[in-house]
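Each chain, written out:
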Amino acid sequence: MRNIKKRWFLFVAAFVLVAAAGIHMGVKAEEDENHVIADRVYIGDVSVAGMTEEEATAAVEDYIESLQDTAITLKAGENSIEVTAKDLGVTWGNPELAEKAVNLGRTGNPIARYKEKKDLEKGDKVFVLSYAIDESKTAALLKEHAKELDQEAQDNGLTRENGQFTFVKGHEGIKVNAEKSIEQIASHMQNQWDGKAASIELSAKLVEPRGSEEELAEVKDLLGGYSTNFSSSSAGRAKNVRNGASKINGSIIYPGEEFSVHDAVVPFNAENGYELAGSYENGTTVETYGGGICQVSTTLYNAVIRAELEITERFAHSMIVSYVEPSMDAAISGEYKDLKFKNSTKYPVYIEGYTDGGIIHFNVYGKETRDANREVEFVSETTGETDPGVKYVADGTLQIGTISTQQSAHIGKKAKLWKVVKVNGKEESREVFNTSNYQASPKIVRVGTASDSQDAINAVMAAIGTQDEATIQAAAAANCTAARDAAAAQQAAEAAAAAAAQPAEPAQPEQPSQPEENNKDDKKDSDKKDESKDDNQKDTKEEENNQGND
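Residues numbered from 1 in each chain as written. Predicted model: local features only at pLDDT ≥ 70, side-chain atom pairs only at ≥ 80, totals over all residues. Heavy atoms only, no water.

### Details of the overall build of the chain
Here comes step 1: A count of helices and strands for the chain gives 14 helices and 27 strands.
Here comes step 2: Looking at the chain as a whole, 35% of its 550 residues are labelled buried.
Here comes step 3: The long-range share in the chain, meaning contacts at least 24 apart out of those at least 6 apart in sequence, stands at 72%.
Here comes step 4: Entry remark: accessible area of the chain is about 32,700 Å², with carbon and sulfur atoms responsible for 49%. (Helix = DSSP H or I, 4+ residues; strand = E, 2+ residues; numbered from the N terminus. Buried < 20%, exposed > 50% of the residue type's maximum accessible area, 1.4 Å probe, protein only. Contact = heavy atoms within 4.5 Å. Areas by Shrake-Rupley, 256 points an atom, 1.4 Å probe, with all protein chains shown as cover.)

### Digging into the layout of surface pockets
Here comes step 1: In this structure, the largest pocket occupies an estimated 890 Å³ of space.
Here comes step 2: With four residues, strand β16 (residues 276-281) is the largest single contributor of residues to the lining of the largest pocket.
Here comes step 3: Residues that form the lining of the largest pocket fall into these classes: twelve nonpolar, 21 polar and three charged. (1 Å grid on protein atoms, 1.4 Å probe; cavity = no way out; pocket = protein on both sides within 12 Å on 5 of 7 lines; lining within 4 Å. Points joined across faces, edges and corners; volume = space filled by probe spheres on them. Nonpolar A, V, L, I, M, F, W, Y, C, P; charged D, E, K, R; others polar.)

### Some remarks on the pattern of salt bridges
Here comes step 1: Here the structure, examined in full by the defined rule, presents 19 salt bridges.
Here comes step 2: For Arg210, the salt bridge identified is with Asp155, shortest N-O distance 2.9 Å. On the criterion of sequence distance, the pair formed by Arg210 in the loop between β12 (204-207) and α8 (213-216) and Asp155 in the loop between α6 (146-149) and β8 (157-161) is long-range, its members being 55 residues apart.
Here comes step 3: Across the pair Glu377 and Lys422 runs a salt bridge whose closest N-O atoms are separated by 3.2 Å. With Glu377 in strand β22 (residues 374-386) and Lys422 in strand β25 (residues 412-423), this residue pair connects regions lying 45 residues apart in the sequence. (Salt bridge = Lys/Arg side-chain N within 4 Å of Asp/Glu carboxyl O.)

### A closer look at helix α7 (residues 178-191)
Here comes step 1: An ideal rise of 1.5 Å per residue puts 20 Å on 14 residues; α7 measures up with 20 Å between its terminal C-alpha atoms.
Here comes step 2: Looking at α7, one finds that the buried residues are Ser181, Ile182, Ile185, Ala186, His188 and Met189. The arc that holds the buried residues of α7, viewed along the axis, is 165°, so those residues lie on one side. Those residues of α7 that are exposed and aimed more than 90 degrees away from the buried face are Glu179, Glu183 and Asn191.
Here comes step 3: Looking at the buried side of α7, the elements it contacts are β3 (71-76), β7 (131-132), α5 (135-144), β10 (173-176) and β11 (198-201).
Here comes step 4: Where α7 begins, one side-chain oxygen reaches toward the backbone nitrogen of Glu179, 3.3 Å away; that side chain belongs to Asn177. (Expected span 1.5 Å × (residues − 1). Arc of directions from axis to C-beta. Polar contact = N/O pair within 3.5 Å; in protein donor to acceptor, adjacent residues only side chain to side chain.)

### Some details on the packing of helix α9 (residues 235-248) against helix α11 (residues 293-307)
Here comes step 1: α11 packs onto α9 with a crossing angle of 45° between their chain directions and a minimal axis gap of 8 Å. The angle between α9 and α11 places the two elements in the oblique class. In this structure, the crossing between α9 and α11 has a hand that is right-handed. Residues Arg237, Asn240, Val241, Gly244, Ala245 and Ile248 of α9 pack against Ile293, Gln295, Val296 and Leu300 of α11.
Here comes step 2: In terms of residue class, the contact of α9 with α11 is made up of six nonpolar, three polar and one charged. (Axes fitted to C-alpha atoms, helices over the stretch in contact; angles between N-to-C directions. Parallel < 35°, antiparallel > 145°, perpendicular 65-115°, else oblique. Left-handed = near helix turned anticlockwise from the far one by under 90°.)

### Re the nonpolar core
Here comes step 1: Membership of the largest hydrophobic core comes to 43 residues, with the highest contact counts inside it found for Leu74, Tyr131 and Trp193.
Here comes step 2: For this core, the element with the most residues is helix α2 (residues 53-66), which contributes five residues.
Here comes step 3: Other than its neighbours up to four places away in sequence, Tyr131 contacts Tyr63, Ile64, Leu67, Val90, Thr91, Gly93, Met189, Gln190 and Trp193.
Here comes step 4: In terms of nonpolar packing, the next biggest core, distinct from the first, is built from 37 residues, Ile248, Val261, Val265 and Ala330 among them. (Core = buried A, V, L, I, M, F, W, Y, C linked by side-chain atoms within 4.5 Å.)

### Looking at α5
For an α-helix the count is 3.6 residues per turn, leaving residues at separations of three or four pointing the same way.
Here comes step 1: Every buried residue of α5 is listed here: Thr138, Leu141 and Leu142. Along the axis of α5, the buried residues cluster in a sector spanning 95°; they form a single face. Seen from the buried face of α5, the exposed residues on the opposite side, beyond 90 degrees, are Ser136, Lys143 and Glu144.
Here comes step 2: Looking at the buried residues of α5, the elements they touch are β3, β4 (79-84), α6 and α7.

### As for a negative patch on the surface
Here comes step 1: Together, Glu53, Glu54, Glu55, Glu96 and Glu99 make up a region of like negative charge exposed at the surface.
Here comes step 2: Along the chain, the position of Glu99 falls in helix α3 (residues 97-103).
Here comes step 3: Taking the relative accessible area as the measure of exposure, Glu99 reaches 43% and is therefore partly exposed. (Patch = residues over 30% accessible without salt bridge, like charges linked within 9 Å, V, L, I, M, F, W, Y side chains within 5 Å. Lys, Arg positive; Asp, Glu negative; His and termini not counted. Charge placed at Lys NZ, Arg CZ, Asp CG, Glu CD.)

### Here we look at the environment of Glu213
Here comes step 1: Structurally, Glu213 can be placed in helix α8.
Here comes step 2: Between the alpha carbons of Glu213 and Phe167 there is a distance of 6.7 Å; along the sequence they are 46 residues apart.

### Details of the sheet that holds strand β2 (residues 46-47)
Here comes step 1: Taken in spatial order, the three strands line up as β2-β1-β6 in an open sheet, and their pairing is mixed. For this open sheet the edge positions go to β2 and β6 (125-127), each flanked by a neighbour on one side alone.
Here comes step 2: Pairing geometry for strand β1 (residues 41-43) and β6, over three bridges, is parallel. Looking at the pairing, Val41 lines up with Lys125 of β6. (Pairing = 2+ DSSP bridges.)

So this is what it looks like as structure tokens:
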């Protein structure tokens, strides 16, 4: 009896297993034939019901594309910028959700699948959509907008008035940490962003201002000073000198810090207070904005070397300048010639720059640590000279016979600057501080060649070819007279032709004869008029000859 019951139980169990297997195979076959996402399934806000995996992926990507113009505000303290999701390179952060949506209710054990399907009958299944950013693109964005997000600390400073220093308090700054900020943006987009406008606080640190009141109180000693004269400058050049000095005045340079004159005074344009004035370019003098700024840098250079700060970059001018001795100048030109120096002391230094009338002054203040009995002076030595000569050039805009100077000569020179140190009035050392090489630049004289006579033009051009002053002067004078005589003859011919073309005037009736006495008086008056006319013609001729010889 027991064996019969046992066999019956085994039969029933086998039947159930076979039936279950049949059901499973049927369901599996149905799924393979209709492999789409079940109803009431969402990825984020996107309904993907009835879609294949590929269709669901495309639908979600289209949705993310529609969010690219959404505004994202990035904040750093009180500063902020507004960008878009596209600027951050926002993409789908978990694209594997499409496959999960397709497999919902189709994978796992029968109990798990059954539960998933029952859950769908009760409510929607929403897969949480997350977003990713392009980190390299975001890093470039933060770098591009660094000036808008960062806030430079304003260092504590000093002002000098009436020979006294006054402490000026600065304020803190903010500096964005790009690496940590990228991590914060990525985390927010992945875990918090809902596709709507958002604000993200970036990682930033406070930057303390440099120069405590106690530290700046040490700045009180004159370490070095120098002045140059610009009183003969044009109005534009004088304004540039004053403007450049004002932009450097008040600069504080901390120990180990390098100062660039170029960076302190640019840009050279009208908006920054500069005017057109003469400056050197390729061996000639040209008009540029900021002409004269080199006198500013030169004056400062001489103050700095007397303060014995470290010169890290200095260039001589291409041609000699008149306001300092050779090798005592410091040129500024574009971005390739600059004056730079480093504060090689252990204390801050203060640069005072100002103008008084036609004099520019620079003083360097700090804490004096040098021996009081020690003196420093700089001596210029010219080691060679080159004669520039004279260059005559034809100018078709000037009337023939005209000669004018376009540019004065600049003697070429080689020079060195000696640094001489004396202690108690006795020379202790003498060493070459710098060497300079100045190009020779000829005197440029323009010779007029404008004339209606080709022969006259050819004659003057031939004279210019000799580059001999006497030959050129003679040709200019002779051809000026010939050209003037030809012009006068042409005018006379034209006047005669015009007179011939006029109709003859009607004959006048004879006048009654005058008494002989009256005739004599008339003749005397006529003679006086003729003499006056001859004198005027003589004066006019002499004046014309004098003009031609100028």
